[in-house]
Amino acid sequence: MVAGAGLLTLSDAVSKHLAQSYAIGQVICLRQLAAFVFILPYVMSVTGLGALRVVNRAGQLLRALYFVAGSWLIVWSLSLLPISIVTVVLFTSPIFVALFSMPILGERVAARQWIAIAAGFAGVTLIVRPAGGLTW
């Protein structure tokens, strides 16, 4: 888990650096190529290439469009904002997943789940310190 978090942070830092000199599409391509280098051997060793077979083409196309849009927005934000701010904003995703799971999927989010989401977000905000050197 620590290695994964470190690699994600490294990826964001490299993307921020590259976005200063290269087009966002090129940075996204490099990010996904780097991820593919790690994912392909894992898939081949654990499940085989059959696991990559597409079952629902329309769903995969929609998912791909959302993924490219999200990746573009992340790299764009990294080019404009400090990494700490982008990290905190990205860690708001559990809040939005819980919020939208109720009306879209009809799921119930219990009070203890909201507490866990809030505690996790507070912990990330405390560790990342998006305000930089400012003290509260």
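Let me sum up the structure you'll find in this document. Counting restarts for each chain, with residues numbered from 1 along the sequence as it is written. Totals for whole chains, interfaces and linings use every residue, but because this is a predicted model, local features are given only for residues with pLDDT of at least 70 and side-chain atom pairs only at 80 or more, for both listing and counting. The basis for every side-chain value is the complete set of non-hydrogen atoms in the structure, without hydrogens or water.

Some thoughts on the overall build of the protein chain
- The secondary structure content of the protein chain amounts to six helices and zero strands.
- Overall, the protein chain is about 50 × 45 × 25 Å in size when its C-alpha atoms are taken along their principal axes.
- Restricting the contact set of the protein chain to residue pairs at least 6 apart, pairs at least 24 apart contribute 59%.
- Here the protein chain has roughly 10300 Å² of accessible surface; of this, 74% comes from carbon and sulfur atoms. In DSSP terms, a helix is any run of H or I states spanning at least four residues, a strand is any run of E spanning at least two, and both are numbered starting from the N terminus. In this description, contact between two residues means that some pair of their heavy atoms is separated by no more than 4.5 Å. Note on areas: Shrake-Rupley with a 1.4 Å probe; residue coverage comes only from the protein chains shown.

A closer look at the packing of helix H5 (residues 93–105) against helix H6 (residues 111–128)
- Between H5 and H6, whose axes approach to 9 Å, the crossing angle comes to 155 degrees. Taken together, the axis directions place H5 and H6 in an arrangement best described as roughly antiparallel. Together, Pro-94, Ile-95, Ala-98, Leu-99 and Met-102 of H5 and Trp-114, Ile-117 and Phe-121 of H6 make up the contact between the two elements.
- Gly falls in the polar group here, along with every residue not listed as nonpolar (Ala, Val, Leu, Ile, Met, Phe, Trp, Tyr, Cys, Pro) or charged (Asp, Glu, Lys, Arg). Its residues assigned to classes, the contact of H5 with H6 comprises eight nonpolar, no polar and no charged. To define axes, lines are fitted to C-alpha atoms, for helices over the stretch in contact only, and angles between the resulting N-to-C directions are given on a 0 to 180 degree scale. Should an angle fall under 35 degrees it is called roughly parallel, over 145 degrees roughly antiparallel, and 65 to 115 degrees roughly perpendicular, with every other angle called oblique.

A short note on H6
- Given the number of residues in a helix, its expected span is that number minus one, multiplied by 1.5 Å. With 18 residues, H6 should cover 26 Å at 1.5 Å per step; its first-to-last C-alpha distance of 26 Å lies within 8% of that length.
- Immediately downstream of H6, the backbone of Arg-129 shows phi near 55 degrees, a positive value.

A few points about the pattern of salt bridges
- Salt bridge, as used here, is a side-chain nitrogen of Lys or Arg placed within 4 Å of a carboxyl oxygen of Asp or Glu. This model, assessed by the stated rule, comprises one salt bridge.
- Its salt-bridge partner being Arg-31, residue Asp-12 comes within 3.4 Å of it at the nearest N-O pair. Taken together, the residues span a long stretch of sequence, with Asp-12 in helix H1 (residues 2–19) and Arg-31 in helix H2 (residues 24–46) at a distance of 19 residues.
- Its relative accessible area of 22% is what places Arg-31 among the partly exposed residues. Buried means the residue's accessible area, taken with a 1.4 Å probe over protein chains only, is under 20% of the maximum for its type, while exposed means over 50%, and partly exposed covers the values in between.

Points about the environment of Ser-15
- Topologically, Ser-15 is positioned in helix H1.
- Owing to a relative accessible area of 2%, Ser-15 belongs among the buried residues under this scheme.
- Spatially, the C-alpha atom of Ser-15 lies 6.3 Å from that of Val-27, the residues being twelve residues apart in sequence.
- Look past the residues within four positions of Ser-15 in its chain and what remains in contact with it is Val-27, Arg-31 and Leu-78.

Here we look at the packing of H1 against helix H3 (residues 57–80)
- Remark: H1 packs on H3, axes separated minimally by 8 Å, with the N-to-C direction vectors making an angle of 70 degrees. The angle between H1 and H3 places the two elements in the roughly perpendicular class. Mapping the contact onto sequence places Asp-12, Ser-15, Lys-16 and Ala-19 in H1 and Val-75, Leu-78 and Ser-79 in H3.
- Its residues assigned to classes, the contact of H1 with H3 shows three nonpolar, two polar and two charged.

Structural notes on the nonpolar core
- In terms of nonpolar packing, the biggest core is built from six residues, these being Leu-18, Ala-19, Ile-24, Val-27, Ile-28 and Val-75.
- Elements with a minimum of two residues in this core: H1 and H2.
- It is H2 that contributes the most residues to this core, three residues altogether.
- Among all residues touching Val-27, those that are not within four sequence positions of it are Ser-15, Leu-18, Ala-19, Tyr-22 and Val-75. Take the buried Ala, Val, Leu, Ile, Met, Phe, Trp, Tyr and Cys residues and link them wherever side-chain atoms come within 4.5 Å; each set so joined is a nonpolar core.

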